[in-house]
Amino acid sequence: MTRVLPELLRRFDVPGPRYTSYPTADRFVEAFTCEDYGRALQQRNQGAAALSLPLSLYVHIPFCESLCYYCACNKIITKRHERGASYLRYLERETALHTAQLGERRNVSQLHLGGGSPTFLSDDELAQLMAMLRRHFVLTPGGEYSIEVDPRTVDAKRLQALATLGFNRLSFGVQDFDADVQKAVHRVQPAQQVFELVEVARTLGFESINVDLIYGLPRQTPASFARTLQQVVELRPDRIALYAYAHLPERFKPQRRILGAELPAAADKLSMLSQAFDAFLEAGYVYIGMDHFALPNDALAIAQRQGRLHRNFQGYSTQPDCDLVGLGVSAIGRIGATYSQNAKTLEEYCDRIDQGQLPVVRGLALNRDDLVRRAIIMGLMCQGEVQFESIELAFLVDFKQTFAAELEALQPLVEAGLVQLDASGIRVTATGWFLVRAVAMVFDRYLQADRNRARFSRII
């Protein structure tokens, strides 16, 4: 069983992007307007090849009843549930603006509801949302239809309602089972509650159940986190997402409520990550990459074995690299060779729609260099390799000449045993797979020219 050595983790623990896209979202510009986005939608509507490919949909529900101090998501804290009804009306109007240019009843093979807390909405409101989406799109059989679930907001009856609405994947936000840690981050939820919900979800036939964990939270210790890992192994979800907490209080106001003195030391954080690798691999999980683990029979692990793994703004995916329509406040989309992002505040989002405009406020039209580097970075992140010939044939470039500086910069990673480099291509080793972000960063032209990398989370 391959394990990554702590000294390698320590050496390559540098700030860097997560590469849910390339170029990354921090490179989006306001010069890319809603008119540019509208043209991208129209072009897709006119392309026979694009029309034959299914879409992916992301819907952002920004509301939460209470504030989790670690959270860096775009959310609105409120107990006024009537705000959900108004928001749904704007989502329907935004969807209609999309389909006016994209065309009605396009096939969708992937849907994800994120937040915020999508389960802030009532069962009736979620039913209203799904009915609206089905009026405008066709949710194809066998697709992935997932929703993020705050365990504190659901019970067995609500899970049954989600299954009836067509969701076949759930993601439970757990973060940590330790009561002291939960109090420190203002998110108290008993472990027994999560165990009961997962059991109900299995009985209802959900195809995949994910659990989110975070290491590096206040009051966490290697001993306390080891207990959480033991409970997660006992819970045995189909997938596990293990994230490093990035303490950036200057950027994310809620984090100012976390006491810096209560955060674990760097050595303890590294120990927790090593513990997690050991615990999950010994329990039979497959390391998918970055911070994702899956049971061998889960669709994500099967896609990895078959070389069909993809990556988008929701992370690793089994679905083809298809166009993504983002709906709602701050939602990010990708149509053709463009990226776009909606207004980040509810006020501006609603105002744009009231004016009859798509609420896109920034984005990016990719140039040729972006497209070549995106193909390389996604090849490394998803398949763990890049064949020089495939890039040369697809983009008509001489790989070794065009990327001579990058191949030279890979040498320290080759010497560290993270990468194998030969005349035919680049391969990430079993050890290097644990640090694949560091490999991908070598080909990020924007990052190499950027001296202000501190805004990114660290790899560990």
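Thresholds, definitions, all that
- Residues numbered from 1 in each chain as written.
- Predicted model: local features only at pLDDT ≥ 70, side-chain atom pairs only at ≥ 80, totals over all residues.
- Heavy atoms only, no water.
- Helix = DSSP H or I, 4+ residues; strand = E, 2+ residues; numbered from the N terminus.
- Rg over C-alpha atoms; globule rule 2.2 N^0.38 Å.
- Buried < 20%, exposed > 50% of the residue type's maximum accessible area, 1.4 Å probe, protein only.
- Contact = heavy atoms within 4.5 Å.
- Areas by Shrake-Rupley, 256 points an atom, 1.4 Å probe, with all protein chains shown as cover.
- Lys, Arg positive; Asp, Glu negative; His and termini not counted.
- Charge placed at Lys NZ, Arg CZ, Asp CG, Glu CD.
- Salt bridge = Lys/Arg side-chain N within 4 Å of Asp/Glu carboxyl O.
- Pairing = 2+ DSSP bridges.
- Core = buried A, V, L, I, M, F, W, Y, C linked by side-chain atoms within 4.5 Å.
- Phe/Tyr/Trp six-rings, centres within 6.5 Å; stacked < 30°, edge-to-face > 60°.
- Lys NZ or Arg CZ within 6 Å of the ring centre and 35° of its normal.

## Brief notes about the overall build of the chain
- A count of helices and strands for the chain gives 19 helices and 19 strands.
- A compact globule built from 460 residues should have a C-alpha radius of gyration of about 23 Å, and the chain, at 22 Å, falls within 12% of that.
- Dimensions of the chain, computed from C-alpha atoms along their principal axes, come out at roughly 60 × 55 × 40 Å.
- Taken over 460 residues, the chain has a buried fraction of 57%.
- Nonlocal contacts in the chain, meaning residues at least 24 apart in sequence, comprise 73% of its contacts between residues at least 6 apart.
- Accessible surface, the chain as shown: approximately 19,000 Å² in total, 52% of it carbon and sulfur.
- Of the charged side chains in the chain, 51 are positive and 52 negative; the average position of the first set lies 2 Å away from that of the second.

## Describing unusual backbone geometry
- Cis peptide bonds are those with omega within 30 degrees of zero, and the linkage from Y22 to P23 qualifies with -10°.
- By the element assignment, P23 lies in the loop between helix 1 (6–11) and helix 2 (34–46).
- In the segment running from G115 into G116, the intervening peptide bond is cis, with an omega of 20°.
- In this structure, Y19 takes a positive phi of about 55° despite not being glycine.
- Mapped onto the secondary structure, Y19 falls in the loop between helix 1 and helix 2.
- A positive phi angle is found at R219, which is not glycine, with a value near 70°.
- Tracing the backbone shows R219 in the loop between strand 7 (208–215) and helix 9 (222–235).
- The class of R219 is partly exposed, set by a relative accessible area of 32%.

## As for the pattern of salt bridges
- Applying the stated criterion to the full structure yields 22 salt bridges.
- Between R27 and D26 there is a salt bridge, with its nearest N and O atoms 3.3 Å apart.
- Take D26: its relative accessible area is 31%, and that puts it in the partly exposed class.
- The closest approach of N and O atoms between D422 and R427, which form a salt bridge, is 2.3 Å.
- Residues participating in the shared-partner salt-bridge network are D369, R373, E406 and R445.

## Thoughts on the pairing of strand 9 (residues 286–289)
- When strand 9 meets strand 10 (residues 292–294), the two strands line up antiparallel, connected through three bridges. Among the inter-strand pairings, G289 is bridged to a residue of strand 10, identified as H292.
- The antiparallel hairpin formed by strand 9 and strand 10 contains two residues in its connecting segment, where M290 sits at a positive phi of about 55°.

## Describing the nonpolar core
- If you look at the biggest cluster of nonpolar residues, it comprises 126 residues, and the most contacted ones within it are L91, L111, Y316, Y349, F399 and F443.
- With eight residues, the single largest contributor to this core is helix 10 (residues 266–282).
- Once residues lying within four places of it in the same chain are set aside, the contact partners of L91 are V59, I61, L129, M132, L327, G328 and Y349.

## Brief notes about the packing of aromatic side chains
- Applying the stated criterion to the full structure yields 18 aromatic pairs.
- Judged by centre distance (6.0 Å) and plane angle (65°), the rings of F280 and Y285 are edge-to-face. In this pair, the class of F280 matches that of Y285, namely buried.
- Seen from their ring centres, Y287 and F293 are 5.1 Å apart, and the 55° between their planes marks the pair as tilted.
- We classify F293 as buried; its relative accessible area is 1%.
- Its guanidinium or amino end placed over the ring of Y316, R311 lies 4.5 Å from that ring's centre, counting from NZ or CZ.

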